[in-house]
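As a plain string of letters, each chain reads:
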Amino acid sequence: MRGDTAARFVDSAPSRSALDEPVSHPPVAGAQTGIERALLASLALMVSVGIGQAQTQPPGSVELVPQAPSRAGRAVPVAEPPSIDGNVLGDPAWTAIEPLTGFRQSAPDEGEPASERTEVRVVFTADTLYFGVVLYDDDPSGIIMTDSRRDSSMNDADSFQMVLDTFSDQQNGFVFGTTPAGQEYDGQVSDEGGGRSLFGDGGGGGFSRGSGSGFNLNWDGAWQVETAITDIGWSAEFAIPFRTIRYPARDDQSWGVNFQRNIRRRNETSYWAALPRQYNLYRVSMAGQLAGVTAPVGNTRNLQVTPYVIGAAVTRDATPERSTLAVGDVGADLKYSVTSGLTLDASYNTDFAQVEVDDQQINLDRFNLFFPEKRPFFLENAGAFSVGNQGPASGRNLGQTELFFSRRIGISDNGTPVPILGGARLSGKIDDSTTIGFLNMQTESVPGVARANNFTVARVRRDLPNRSSIGGLFVNRAGTGNPTIDRLARDNDYNRTYAVDGRLGVGQNGLVQAFVGRTDSPDADEDEYAMSFSSRYDSEAWRLIAGYQENDEDFNPEVGFLRRTGGFRKFDFGINNTTRPYGFLKYQELTPHMSFTRFWNLDGDLETSVLHLHFDGEFEDSSSGGIAYDVRSERVFETFTVSGLTVRPGSYELNELTYSFDTDRSAPISAGIRATTGGFFGGDIVTIRPSISARYGETLNLSLSYSRNDIDLPSGHTITNLTSLSAAYNFTPRLYAQTLVQHNDSADLYAVNFRLGWLQDANTGLFFVYNETEGIGDFIPNGAGRSVIVKYSYLFDVLD
């Protein structure tokens, strides 16, 4: 086994921490007493687990003394570029380059040298940055490959990733990665992958909030990677043009950089600049440094034009007697580098025909459902417009508030696409620490569905030392329709949002965030405000989150998103413990956690109270399981319906018990199940969610999931079923076929989406899309019909 030697590791690894009938208005005080007793018991359990961790360190383990990060590497200029074919050791361009080595594990054996040697070499020419990576493996037959499609999850495969903090602001960066199958994986990090909750790291798998905060997997740059598997392991060559990334306008560049390697069969994750286990690759404030890069400055003008042509055949209501409508259109996107750090994007007749359809959801509550943004134009550089707080202490996120949610542009409230005439976006950095974003889009009217609107968003943020920042946001929607022509158009039609926000890093592990915002509409009063304050502390063993949020009754960001409408005050906190018990019941990692969330209306009446207790863990064979218990109280003030059943005003206890288990997701066949039983608004609910996945190498991936809710309320009984079947076949990393079939009997519809994609640079190329949405029985849902769409787009480097 070729282990990385400690002698090559410059800095020491960080240290470990020692450390039913509806109940008609029951007495609130009694309910609180029960919750408080459970809360005290859970706190005692968490503390005991933490104390027990001191007795579960591996034999012979030592405490490591933390030092300031000091990993450093240097890029070397070359006259002749490497041949991008994946063969690093056989290419003379790499022969004389000193490799960066000395990777250290964060899992499973934190602080120990990686089990296999990894070498990274860095060179550059006048216009391109190159990385040559050799990933030794003493058993190449054990290399795991799962899915080679661009930007598919690499969590269950052997992989290599890098992050480039080109402005050295210790908050933002570009991510590039690949697998032995030659997959292209890229994204943008903002706020070190912020928005984390107790239940995730806020980054892996493409986490992206409505405003783009955290990690934006949907950013697609123009770059190239090739890989090769040999008898010594595998290797990869990256070619990243300087015009693809943004960097400061100075001759000598010094960037933050870190590299991550996953060896899936060992559940091993290692980093070049060692990270404690509570952090991931997006922790750019702990990255190493890459010096010696000479990037083009001064004459940095870069113009890319991406025209498209599209043809479609559409049947509107899926009935055979209706004639088919054939349509065609053209449009274009433009990208211009104003400076090396600032980009102007423009779009005419913006089209998103190739975008994946939404996953169906069933609403089992009285709050709004959240569907994420998937359209590339709005997701690129979305972090420049993000304003938000830490992720919720409770996984339900019942108080989610997005001040700007780009999905409000070009999509009506009922999900119908609204034509976008065009628009422009200016985003990036005007100096090393100031980020700006300006967006203006114009939509057209759709008779009977949506009126024409102009949308403007302006954002500025100043980065401060130690992961701190301060900023402001302005959002404006202005109706542009003529009331005499369009019956939906109105005079004096506008909605505006104003906000200021800030974050303060406290030491290496603490972070405090806050924002204050207000909205302005013609018919609302002067108290359209919202404010939020949250804090987080991360150590190797513990994660603590606490926050307070208040939304006024009339707070209404029409170009944002509110999970819970109406005024409320919310307080929440949570504790998560991560323990590696080394041999205890074959657990690899235990993650018990608890959270407490409580909502009041502005009159002081308790609306929602949730105590969440969860014991979760991952076994040595990569299977995982957990058990959770929720102590939940709800007070309903207005009648609402759940899947056709009426829930009347009153106070309810909704305690739930949930079991979950998943097999190893990297295996050729994997399965999981989640089952919940408990009280439900005066009755009962039983939910079962099984799933199964199968794959053949990195080419064929199949997945079937099913969700069944058996609901019994005083007003009646119903069963809802939601089935989803997906299949994907990858001919190459850039040529794929993908289909998604969904059946939702709660909404009385089924939907089919088939996509064939032949990708070129920056996710352009040829796309064939078939969509069908039909109702069940006599029901015709909104947007019902069939469509066949062919779209082709090509990226031209005009000034290349």
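Colleague: Sorry if this is basic, but what is going on with the confidence of the model for the protein chain here?
Modeller: Reading fine detail from the predicted coordinates is not recommended where pLDDT is low. Summing up the model confidence of the protein chain, the mean pLDDT is 84 and the portion of residues at 70 or higher is 84%. Scored below 50 in pLDDT, residues 1-69 makes 127 contacts in the model with residues more than four places away or belonging to other chains. Confidence drops under pLDDT 50 across residues 201-212; counting only partners more than four residues distant or on other chains, this segment forms 44 contacts.

Colleague: Just checking my understanding: could you explain the side chain of Ser 159 for this structure?
Modeller: Here Ser 159 shows up in strand E6 (residues 159-165). If we ignore the near neighbours within four places in the chain, the residues touching Ser 159 are Met 154, Thr 178, Thr 179, Trp 234, Gln 260, Arg 261 and Asn 262.

Colleague: When you look at the environment of Leu 756 in this model, what are you seeing that I'm missing?
Modeller: Along the chain, Leu 756 turns up in strand E42 (residues 749-759). In this structure, the C-alpha to C-alpha distance between Leu 756 and Val 790, residues 34 residues apart in sequence, is 9.5 Å. Discounting chain neighbours no more than four positions away, the residues touching Leu 756 are Phe 731, Tyr 736, Ala 737, Leu 766, Phe 767 and Phe 768.

Colleague: Would you take a moment to explain the nonpolar core for this structure?
Modeller: As a rule of thumb, nonpolar side chains are buried together in soluble globular proteins. Of all hydrophobic cores here, the largest spans 37 residues; its most connected members are Val 120, Phe 131, Phe 160, Phe 176, Phe 238 and Phe 259. With near-sequence residues (within four places) excluded, Phe 259 lies in contact with Leu 100, Phe 103, Val 120, Phe 131, Phe 160, Gln 161, Met 162, Ser 270, Tyr 271, Trp 272 and Leu 281. Counting 23 residues, the second largest nonpolar core, distinct from the first, contains Phe 352, Val 355, Leu 403 and Ile 409.

Colleague: Help me understand the packing of aromatic side chains in this model?
Modeller: In this description, a pair of aromatic rings is defined by centroid distance and the angle of the planes. Scanning the model with the defined rule gives 29 aromatic pairs in all. Consider the rings of Phe 259 and Trp 272, whose centres lie 5.6 Å apart with planes at 55°: the pair is tilted. Residue Phe 259 is found in strand E12 (residues 253-263), and its partner Trp 272 is found in the loop between strand E13 (268-271) and strand E14 (288-293); the two are separated by 13 residues along the sequence. Of the two residues examined, Phe 259 and Trp 272, each falls in the buried class. Above the face of the Phe 377 ring, Arg 425 is positioned so that its terminal group lies 4.6 Å from the ring centre. In this structure, Lys 791 is placed above the aromatic ring of Tyr 308, and the distance from its NZ or CZ to the ring centre is 4.8 Å.

Colleague: How do you make sense of the environment of Glu 620 when you look at a structure like this?
Modeller: Along the polypeptide, Glu 620 turns up in the loop between strand E31 (606-619) and strand E32 (624-636). As for Glu 620 and Arg 266, which are separated by 354 residues in sequence, their C-alpha atoms are 8.8 Å apart. Other than its neighbours up to four places away in sequence, Glu 620 contacts Asn 267, Gly 583, Lys 586, Tyr 587 and Gln 588.

Colleague: Even after reading the chapter, I still don't get the pairing of strand E8 (residues 185-189), so can you show me in this structure?
Modeller: Working note: regular strand, side chains alternate between the two faces of the sheet. Judged by how many residues are buried, E8 sits mostly within the fold: 5 of 5 residues are covered. Of the two faces of E8, the one lined by Tyr 185, Gly 187 and Val 189 and the one lined by Asp 186 and Gln 188 are each fully buried. Bridge count between strand E7 (residues 173-178) and E8: 5 bridges; the pairing is antiparallel. Counted as the bridge partner of Phe 176 is Asp 186 from E8. Hairpin connection, E7 to E8: the antiparallel pair is bridged by 6 residues, and Gly 182 has positive phi, about 85°.

Colleague: Teacher, can you tell me more about the pattern of salt bridges here?
Modeller: Should their charged atoms come close, side chains of opposite charge can pair. Overall, the coordinates contain 46 salt bridges when judged by the stated rule. In this structure, Arg 366 and Glu 634 form a salt bridge, with 2.8 Å as the shortest nitrogen-oxygen distance. Of the two residues, Arg 366 sits in the loop between strand E17 (342-350) and helix H3 (376-379) while Glu 634 sits in strand E32, which places them 268 residues apart along the sequence. Overall, the relative accessible area of 25% leaves Arg 366 in the partly exposed class. In this structure, Arg 477 and Asp 493 form a salt bridge, with 2.7 Å as the shortest nitrogen-oxygen distance. Within this pair, whereas Arg 477 is found in strand E22 (residues 468-479), its partner Asp 493 is found in the loop between E22 and strand E23 (494-506), the two being separated by 16 residues in sequence. Neither Arg 477 nor Asp 493 differs from the other in exposure class; each is buried. Overlapping salt bridges bring together Arg 150, Glu 184, Asp 186, Asp 220, Arg 734 and Asp 761 as one network.

Rules of the game
Residues numbered from 1 in each chain as written. Predicted model: local features only at pLDDT ≥ 70, side-chain atom pairs only at ≥ 80, totals over all residues. Heavy atoms only, no water. pLDDT = per-residue confidence, 0-100. Contact = heavy atoms within 4.5 Å. Helix = DSSP H or I, 4+ residues; strand = E, 2+ residues; numbered from the N terminus. Core = buried A, V, L, I, M, F, W, Y, C linked by side-chain atoms within 4.5 Å. Buried < 20%, exposed > 50% of the residue type's maximum accessible area, 1.4 Å probe, protein only. Phe/Tyr/Trp six-rings, centres within 6.5 Å; stacked < 30°, edge-to-face > 60°. Lys NZ or Arg CZ within 6 Å of the ring centre and 35° of its normal. Pairing = 2+ DSSP bridges. Salt bridge = Lys/Arg side-chain N within 4 Å of Asp/Glu carboxyl O.

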